[in-house]
Amino acid sequence: MLARLLRAAAFGLVCAAACSDRESPSEAPQGSVPIRVNVGELPLDALDALRAKPTGVVKRASRSGRTLTLHIARGASVALTAPGACPLTVDGAFDAGELELRPRIALSGPAGEVGYDAPFEITLRDLCPRGALASVRWETEGAELAAADTRDGGYRFVGRTVGAPVEFGRASPSQLVAVSAAQRAETRITARFTAADGSVAVSSVSVSAAPRSRGLPNVALGERILLGGRGYRVRERPPGSVADPMPWGALTSLIPDLGGRWVLIGPDSRETSLFVARYDSVALDCGRSDCHSTQARAAEGSPMTASLRRFFEEPLPSSSITCSFGCHTTGEPGRADGGFSHALAELGWHHAELPSFAELPRALRRAGGVNCLGCHGPGQIPEPSARWSILKSDVCAYCHDAPPRYGHVAAWRGSAMAESDRAPATRINAECARCHTTWGFLDAVGSGVEGRRMPPADAPAMGITCAACHAVHDESAVRPGLLRRVTLGQEFDDIPSSAVERSSTCIACHSQREGRGPSSVAIWTGRGVLDPETSAPLIGPAPHAAVPGGCIGCHRAGPSEVERGSGHAFRVDRGACKACHGDRAPTRLEERAHAILVRAGVGPRSGPPAHAELHQPQGPRERALALVQFVLEDRGAATHNPQYAEALLERAERILNQN
Amino acid sequence: MPKHLASACVTLALLATIPSCRDDERGELIAVRKQTRLLAPATDELDALCSDLGDQRVCWAAHCARGVCVHERPLPAISQGAPRAYRCTGDGDARECHLRSRRAPPFRCHAGRCYQEQPRLPDDGDWECVDLAGVALCRGGSKPAGLAATATDPGWFCGDRRGKAFERICLDLDPDLPESLPSPRCRYELDGARLRRSCERADSPRIGARCSPAENRCPAGSACLQGVCLPPRPEPSCWGDFDCGRGTCVYGTCVEDGY
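An account of the accompanying structure is given in this report. (Residues numbered from 1 in each chain as written. Chains lettered and ligands numbered in written order. Predicted model: local features only at pLDDT ≥ 70, side-chain atom pairs only at ≥ 80, totals over all residues. Heavy atoms only, no water.)

### A word on the overall build of chain B
Then, number 1: Within chain B, the secondary structure is distributed over two helices and 20 strands.
Then, number 2: Taking all 259 residues of chain B together, 51% fall into the buried category.
Then, number 3: Put simply, of all contacts in chain B between residues at least 6 apart along the chain, 50% involve residues at least 24 apart. (Helix = DSSP H or I, 4+ residues; strand = E, 2+ residues; numbered from the N terminus. Buried < 20%, exposed > 50% of the residue type's maximum accessible area, 1.4 Å probe, protein only. Contact = heavy atoms within 4.5 Å.)

### Here we look at unusual backbone geometry
All names here are of chain A.
Then, number 1: Residues lysine 53 and proline 54 are joined by a peptide bond in cis, for which omega reads 0 degrees.
Then, number 2: Relative to the assigned elements, proline 54 resides in the loop between strand 2 (51-53) and strand 3 (58-64).
Then, number 3: Of note, the bond from proline 403 into proline 404 is cis; its omega dihedral lies within 30 degrees of zero at 5 degrees.
Then, number 4: With respect to the helices and strands, proline 404 occurs in the loop between helix 9 (394-400) and helix 10 (408-413).
Then, number 5: Phi at aspartate 117 is positive, roughly 50 degrees, even though this residue is not glycine.

### Focus on the pattern of salt bridges
Two side chains with opposite charge may pair up if their charged atoms get near one another.
Then, number 1: Evaluation of the coordinates by the stated rule reveals 69 salt bridges over all chains.
Then, number 2: Across the pair A:Arg184 and A:Glu332 runs a salt bridge, and its minimum N-O distance is 3.4 Å. Taken together, the positions of A:Arg184 in the loop between strand 12 (156-160) and strand 13 (186-195) and A:Glu332 in the loop between helix 5 (318-328) and helix 6 (340-347) put the pair 148 residues apart, joining distant regions of the chain.
Then, number 3: A relative accessible area of 11% places A:Arg184 in the buried class.
Then, number 4: Measuring nitrogen to oxygen at the nearest pair gives 2.8 Å for the salt bridge that ties A:Arg513 to A:Glu431. Highlighted residues: A:Arg513 in the loop between helix 16 (504-510) and helix 17 (520-525) and A:Glu431 in helix 12 (residues 430-436), separated in sequence by 82 residues.
Then, number 5: For A:Arg513, a relative accessible area of 32% gives the class partly exposed.
Then, number 6: Residue classification places A:Glu431 among the partly exposed positions, given a relative accessible area of 42%.
Then, number 7: Several salt bridges share partner residues, and in doing so they unite B:Asp52, B:Arg57, B:Arg73, B:Arg84, B:Asp91, B:Arg95, B:Arg100, B:Arg120, B:Asp174 and B:Asp176 into one network. (Salt bridge = Lys/Arg side-chain N within 4 Å of Asp/Glu carboxyl O.)

### Considerations on the side chain of B:Ser222
Then, number 1: By the secondary structure assignment, B:Ser222 is in the loop between strand 16 (194-201) and strand 17 (223-225).
Then, number 2: Here B:Pro219 takes part through its backbone oxygen, which lies 2.7 Å from a polar atom of the side chain of B:Ser222. (Polar contact = N/O pair within 3.5 Å; in protein donor to acceptor, adjacent residues only side chain to side chain.)

### Brief notes about the sheet that holds strand 6 (residues 68-72) of chain B
Residues and elements named next belong to chain B.
Then, number 1: An order of 4-5-6 is seen for the three strands of this open sheet, with the pairing classed as antiparallel. Of all the strands in the sheet, the pair left with one neighbour each is strand 4 (49-53) and strand 6. Averaged over neighbouring strand pairs, the angle between their axes works out to 20 degrees when direction is ignored.
Then, number 2: As defined by bridge partners, strand 5 (residues 56-60) adjoins strand 6 across five bridges and the pair is classed as antiparallel. By the bridge assignment for strand 6, cysteine 59 is matched with cysteine 69. (Pairing = 2+ DSSP bridges. Axes fitted to C-alpha atoms, helices over the stretch in contact; angles between N-to-C directions.)

### Notes on the packing of aromatic side chains
Residue and element names in this part refer to chain A.
Then, number 1: The full count for this structure, using the stated rule, is six aromatic pairs over all chains.
Then, number 2: Between tyrosine 116 and phenylalanine 168 the ring centres are 5.7 Å apart and the planes differ by 75 degrees, which places this aromatic pair in the edge-to-face class. In this pair, tyrosine 116 sits in the loop between strand 8 (105-108) and strand 9 (119-126) while phenylalanine 168 sits in the loop between strand 12 and strand 13, placing the two residues 52 residues apart along the sequence.
Then, number 3: Assessed through its relative accessible area of 14%, tyrosine 116 is described here as buried.
Then, number 4: Under the relative-accessibility criterion, phenylalanine 168 is labelled buried at 5%.
Then, number 5: Ring plane angle 80 degrees and centroid distance 6.0 Å describe the contact between tyrosine 116 and tryptophan 248, whose orientation is recorded as edge-to-face. Of this pair, tyrosine 116 sits in the loop between strand 8 and strand 9 while tryptophan 248 is found in strand 18 (residues 246-248), placing the two residues 132 residues apart along the sequence. (Phe/Tyr/Trp six-rings, centres within 6.5 Å; stacked < 30°, edge-to-face > 60°.)

Here's what the structure looks like:
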């Protein structure tokens, strides 16, 4: 026991010396030979998990960068093993020198996208000189495959990707086809190799059907662009380029091989201009004082901008970092596009070795996060006729359509917001476009560019998209969520700011304007209606105006299978009602309203009235009828504010009875 | 030694009294010490402006002969390569080094020319650079838009450009060089905002090279002092003579009376 305590004390002294930050490196341990072991292609943590056999022969080990220096007892033989690496043996005659860890297995799969409904094959090779197979197990993660099987005793994986999304078939000629994170159908295929000695090696490859695309004319060098229809030719291209459009299923594909301006002539004889560049060849000078200085200043504090830096502040497993590079940095992993992953490769770094954000080299810091180019794409400012496309939800879907983790866009697609401009009239009539189109809304609330973001007449409907409600580079945006802050009229001054702040974009469109339009906000707030006889304001209680978050305090439900963003379906969260109302059913206001109309000899009507019908008519009877229509227009009136809605119906009924 | 470190060490010492269970059939897990900081203290003095230059460490200080002291370049005690494999920054006791290959991409050589993608630059802004007889001089540095945080590379001497409100001039006396090309001549190639450093073999005179005052083989604008070709004390403020009034711009520094 005494001997043990003495040994412990000695160990403590050694530790005290070793723990000193300013320790001057001591000489090599006596009687030892230094051997350097480089980590090679393997992740750095392979060095930290290195084991030696027999024990006691490694006298000291210190690592600097990707090299481990081992001091091994002179004349001793030692076997070194690390997870996923071929074993190394150093015999007693080995003199100071250098060794490299080699990966145990390698997978060779398809390079680039394989296409939809397309076969592919992955081969496993055992790279160790004396490799002996025990078993190989294959696992898939991500998009489902249409077919999957193994061959050659498990050394070969054969699969087939799923079919193309149906909307691709509807892409019109000259339309740049956007491909979201989910639509690319990416599957991660992992091989778990167990050798005869029981050691395990794991390796993965990703196979995707299509490349992600924002559907913008600004594209990265080497990015595959998909266009609607077939029969394109190149009219203008950078000198020296040889790339040509090729058929790609029902679409056309082009992979620009040189940066610069490209002009394609489509099957409908229309021109499509593309601006191609590497991400790192574009100056980050958008924030010059005469350009977008306020946007640049706001972007500095945006969570999008800090999307990579956060990883260093809240450490995540290295596997999470790997898979997140596609969405938390600028650029596409695996492509020579001057983005983050490309710079990482040029530096010869492995993803698992990133130190702190501040210590990253300049090229990685510039692309580390979703910066300006992360959404707008590289290249020059697009032509005026193409600038509307930045408002499409496709830009966000590049990352935020990745169920089950990120379901924001998937949930939104199922909402009425995504359909708001389906009727062509809503895009043509300026009064309708104000709330039925994203560009019209941004113009109306003073965040647009006076119609310059209006899409061409034949552009597909795009709905009220992310950019309407989220102001991603506006310093006044409400956090979390970077919600747009719209200045509202005085009539909302006494509504609690906790309700208005996060719902001002909803209120801006779901409220009446000059006596017409939707009635839901007026009913929710218990004001905004004039008495049919006296024209005095009808003011009532507003119990739900105190719900934190306002509209989205209740309209926050959506598909349950997604982890984040399900609230973008804007369905009512019935669970929120229960806290106060238990299981009580809402008042049946609709039946009463229809009964009033029948008694007045004008009803019943089917469905809610159109906005135009709510315009204040002349005469008390007509106005009373309009009041009933007003209640009916808000299909949620019985929930938004039943007391006020009932009071409006009572008032209308009394006037109708008198007349 | 800090208190928490001491208690950790005592705990570890007690743990050592427990019979060892770490040795199993898989062998012993090697305890690796990570060398995160490679200190290489230099004998710099207060009020001196110092930099590594070639194989030397050069300090500009009033008490030195002709204003310049030249010493041998200190290296970290654990060195893994040639002296120039390390880039060291900081002064005196705080001087620290890192392997160049850890923070900058390697040079890739082809047909007698070596290229370095993503070369070192003074900070995260956009820069235009030239290589002047072995030292890197850059102008630019306006604040880049849409970045979470920016950082500067401590190895550069920087100053505001005369007469320009938003432009800086930075000088690196110890830029990266390809190991396979002795005494190379380098240049920066610009593709949009992207820089690439390209080097080829050359025997032209270089800043930092050994020299003899009698031979006068130092690059234009430099002087042979203490046996080394040296630029003037770095006070970066100019890109060309036009920035210096009646003076001249020598390696980014305005010199009024010749050098």
